[in-house]
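What the coordinates show
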Amino acid sequence: MKNFYITTPIYYVNDIPHIGHAYTTIAADVAARFKRLDGYKVFFLTGTDEHGQKVQQAAKDLNVTPQQHVDKLHQRFKELWVKLNISNSDFIRTTEERHKRLVCDILQKLHDKDEIYRDSYEGWYCTPCERFWTEKDLQEGNCPDCRRKVEKIKEHNYFFRMGKYQDWLIKKIKSDPHFILPASRRNEVLGFLEKPLEDLCISRPKSRLPWGIPLPFDEAYVTYVWFDALINYISIHGSFDDILASGFWPADHNMVGKDILTTHAVYWSTMLKAIGLEPPKNIFAHGWWTVNGQKMSKSLHNVVEPNQLADQFGVDVIRYFLLREVPFGLDGDFSHKALIRRLNSDLANNLGNLLNRTINMMKKYFNGTIPLSATTGEEDIALQNKAQEVINEVRKLYDELAFNKILQKIWELVDTTNQYIDKTGPWSLAKTDEGKERLKTVMYNSAESLRVLGVLLFPFMPKSCESLMQQLGVEKTIEEQGMTSLDNWGGLTTGTQTQKAKQLFPRIEDKQAAKILAELEAPKETTKDDTGQITIDEFMKVDLRTGKILEAEKVKKSKKLVQLKVDIGTETRQILAGIAESFEAEDLIGRTVIIVANLKPAKLMGIESQGMLLAANNDGSLLLAGFDQEPGLGIQVR
Ligand code: MSP
C-alpha cells in the first residue's frame, strides 16, 4: 500500500478560528479522504502553534499561566474540526513533550555540527509578527508585513547558517516544478532568492520572552517560534529514527496560505537540508479570502465564523462552497449571497434534483427496486464514457490539488446524467411495453451514475454522499467501496431496494435568503474578547428556564425542524427546534427541557419560534439538556 502524508499549517492558538483556517483544513481533508478512497495509507496532520509573545501576553492579561491558557484555547480548533467533519489522523500541539523533545534534539544536532552559532545582532523587531527585519526590508519605517511600528533591538542571539543553502535551494526549486505550487508562487520565491539569503536568527533571550522551548545548549534563550513550529511536521512521527521508519516523510503536501510560503519554502526546506532530511515533495500555497471585498478583521466586525456558517447552511454546503467558488491558489471573495446561489443552483437544483427524481421514478416504475440493465444504446455508452472520462480526469487533478476543477469536472457528469434522463424520457417510455424494457436500462444507468457521483463527491461532502448512497440502497460504506468500485460500470446490484427519497440540500427561497442576508451581513458588535470569555453580567442576560414539551410535530419540507409547544409555567411557547434528525417527534412529548426564554422571536420557514432548546451535539447526534430530578416548570436555570 502506498503512503500519503498531508499537513495543514498549525494555527496560532490565540486566534478565533475563521473561514481562512477552515479553508486550508477542509482542503487538506478532501485530499486526505480522496487518497484513502484511492487505496493509500494516509496520514493527515493539523494542530496548534502555542509558543510566542502573543500567547504570553494574552495569558498575562488574564492572570493565568501560558500553559493554562493554551490548554483551554486549542480546544476551539479541535472542536471546530469535529464539527466540520475533518478526518485528521492526529493533532499536534507545540507544547507537547513529543514535539519539544525533537525540537531540542534538532537544535543540539545542528549546534554540534556548527550549523548554529552565536553572534551579536542588531535589527528592527516587530513584536506582533515576532520577526526581525533589516533596514532595507522596512516600508516607510514600518514592518513590511503588518505595517506596524518596529523597535531597534541589539542583543546576542543564535543563528542558523541558512545562507549557505541558497544555491542548493534555487537549484532544487528550478529542477523540480512540482516542489512549489502554484507556478506563480514558485516564481515569487525565486524572486525572493535573488537577494543574498541571510542566516536565520533562531533564538530569543528568555529575559524578554520566557514562553518558548529553551535552547538545550543555552538555557538563557528560547527557540524562535517559527523554528519551533515548522518542526511539528516531523515531530509527530517521533525521533529521527522514527521519522525515517514511519514511511511518512517526505510529506506529499505541506499545504499553506500564501502569507507563510516563504517561511516554508525557505526556512523549512533549508532546516531539513541541514538536518539531513528531504524537503517535502510539495509545498502548496493557496490564496486568501476577503469578505465582500474587504480584508477580514476583528475591527471591521466582518470575520466569518465557520461554526455559525455551518449551523446556518450545513457543513457539507460550506465544504463544497469554499472549494468550488475559487481556484485553490488564487485569492477569493466570500459572500453569503454567492454561497446561497451555489447552494440553490449546483447543490439543490442540479445534484439534489437528479437524486430526487431518480429515486422517485424508481419507486413509481419499479416499486423502488433497482431494475436489470437490459439494453445498451448509444446514449448509454455516451453516459458510461463520460463517467469514465470524469473519473480519470479527477484522479489526475488531485495531483495539482485543483479542487475547483475537480468539482467542475464532476458536475459535467451531473449535467450529463440530467440530460440523459431528459433525452431518454422515462415518463414516455413507461407508456408502452417495449418502452418499459428500455426504461429498466435508463433507470439502472441513472442510479449507477449517481453511485459514481456519490463516490467522487464523498471527499467534499461526506455526510450528504453517505445519505445519497443509503437512498440508493447500497449497504457498503463509500470508504468500503473505494475508487476501485468505479473501475467498471455496474456496481449497483439489480434487485436492491432503494430507500425513501430525502432532500439532500433544501433550497433557500428568495424571501428566506433576503432575511438571512439581512441578519448575517448586518454589522455586528461583539462582546467577546479575544479569548472568547464573557462577564457574569453578560451571562446573566440569558434567561434560561425549565419547560415541558406538550406537543411536537415535524415541520413539513424541513429536514431538521420540529415544531414544539413548551409549557414554561407562566405560558406556553411555540418553539422550532432543529432536532428532527435526532428525535422522532412523538418521543419528545413529555420531556423536560431547558429553554432560552428571552430570545427575540424569529420566523423559520414562515413559522414563529419563541425561544430555543439547549442541546449538545454529540458527534452529529443531538442530546437534550435536562436534569437528574424532575424540576417545576418555569424555574430559572443558572
Ligand atoms: N502559526 C503559523 C503557521 C505555522 S505552520 C508551521 C500561522 N498561523 S495562522 O493561524 O496565522 O495562519 C494559519 C493559516 O491560515 C495560514 O495558512 C494562513 O494563510 C491561513 N489564513 C489566515 N487568514 C486567511 C484568509 N483570510 N484566507 C485564507 N487563508 C488565511 O501562520
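We now turn to the structure provided with this report. All values derive from a computational prediction rather than experimental measurement. (Residues numbered from 1 in each chain as written. Predicted model: local features only at pLDDT ≥ 70, side-chain atom pairs only at ≥ 80, totals over all residues. Heavy atoms only, no water.)

**Points about the sheet that holds strand β20 (residues 592–596)**
Convention followed: At least two DSSP bridges between two strands are required for those strands to pair. Put simply, DSSP H or I for four residues or longer makes a helix, DSSP E for two residues or longer makes a strand, and each gets a number counted from the N terminus.
Spatial ordering of the open sheet is given by β19-β18-β17-β20-β23, a layout of five strands whose pairing is antiparallel. The two strands at the open ends of the sheet, each matched to only one other strand, are β19 (572–577) and β23 (612–613). Here β20 pairs with β23 via two bridges, running antiparallel. Among the inter-strand pairings, V596 is bridged to a residue of β23, identified as M612.

**Section: the site of the ligand**
Here is the rule: We define proximity as follows: a residue is near a molecule or strand when any one of its heavy atoms falls within 4 Å of that partner. Under the rule applied, a polar contact is a pair of N or O atoms within 3.5 Å (in protein, one hydrogen donor and one hydrogen acceptor; residues adjacent in sequence only if both atoms are side-chain atoms). For the area figures, the Shrake-Rupley method with a 1.4 Å probe applies, and any residue is considered shielded solely by the protein chains shown.
Lining the immediate environment of the ligand, one finds 24 residues, of which I10, D49, G257, D259 and W289 sit closest. The backbone of Y12 places a nitrogen or oxygen atom 3.1 Å from an oxygen atom of the ligand. A total of 660 Å² of accessible area belongs to the ligand in isolation, and the protein chains cover 95% of it. At the level of elements, β1 (3–12), α1 (19–37), α7 (225–230), α8 (232–235) and β12 (253–257) are the ones that each hand at least two residues to the shell around the ligand.

**Topic: helix α6 (residues 183–192)**
Quick note on the threshold: Buried, partly exposed and exposed residues are distinguished by accessible area as a fraction of the type maximum, computed with a 1.4 Å probe on protein chains only: under 20%, between the cut-offs, and over 50%, respectively. For this quantity, the arc is that covered by the directions from the helix axis to the C-beta atoms.
Those residues of α6 not exposed but buried are R185, R186, V189 and L190. Buried positions in α6, seen along its axis, are confined to an arc of 145° and lie on one side of it.

**Quick word on the environment of V222**
To be explicit about the condition: Contacts are residue-level and defined by heavy atoms, with any inter-residue pair within 4.5 Å sufficient.
Checked against the element boundaries, V222 lands in strand β11 (residues 218–223). Those residues in contact with V222 that sit more than four places away from it in its chain are I202, S203, R204, K206, L209, P210, G212, I213, P214 and L215.

**Thoughts on the environment of M483**
Here M483 shows up in the loop between α19 (478–481) and α20 (510–520). Separated by 28 residues in sequence, M483 and V455 have C-alpha atoms that sit 7.2 Å apart. Residues contacting M483, with those up to four places away along its chain left out, are F34, L37, D38, I391, R395, V455 and L456.

**Brief notes about the packing of aromatic side chains**
Operational definition: Stacked, tilted and edge-to-face are the three classes assigned to paired rings of Phe, Tyr and Trp, where Trp is represented by its six-membered ring and a pair needs centres within 6.5 Å; plane angles under 30 degrees give stacked, over 60 edge-to-face, the rest tilted. Sitting over a ring, as applied to charges here, requires NZ of Lys or CZ of Arg to be within 6 Å of the ring centre and within 35 degrees of the ring normal.
For the coordinates displayed, the defined rule picks out 27 aromatic pairs. Considering the side-chain rings of F43 and F248, the 5.5 Å spacing of their centres and the 45° angle between planes classify their relative orientation as tilted. You can see F43 sitting in strand β2 (residues 41–49) and its partner F248 sitting in the loop between α9 (240–246) and β12, a full 205 residues away along the chain. Overall, the relative accessible area of 15% leaves F43 in the buried class. Accessibility expressed as a relative area gives 7% for F248, which makes it buried. These aromatic residues form a ring-pair network of at least three members: Y23, F34, F284, W289, F321, F328, F334, Y398, F403 and F460. Sitting above the plane of the Y12 ring, K54 keeps its charged end 5.2 Å from the centroid. Its end group placed over the ring of F240, K109 keeps NZ or CZ at 4.2 Å from the ring centre.

**Focus: the pattern of salt bridges**
Here is the rule: Salt bridge, as applied in this entry: a Lys or Arg side-chain nitrogen positioned within 4 Å of an Asp or Glu carboxyl oxygen.
Tallied over the entire structure, the rule returns 34 salt bridges. A salt bridge links K409 to E412; the shortest N-O distance between them is 3.1 Å. Pair noted here: K409 and E412 are both in helix α15 (residues 403–424), with a separation of three residues, about one helical turn. Residue classification places K409 among the buried positions, given a relative accessible area of 13%. Taken together, the shared-partner salt bridges in this structure form one network comprising K386, E389, K409 and E412.

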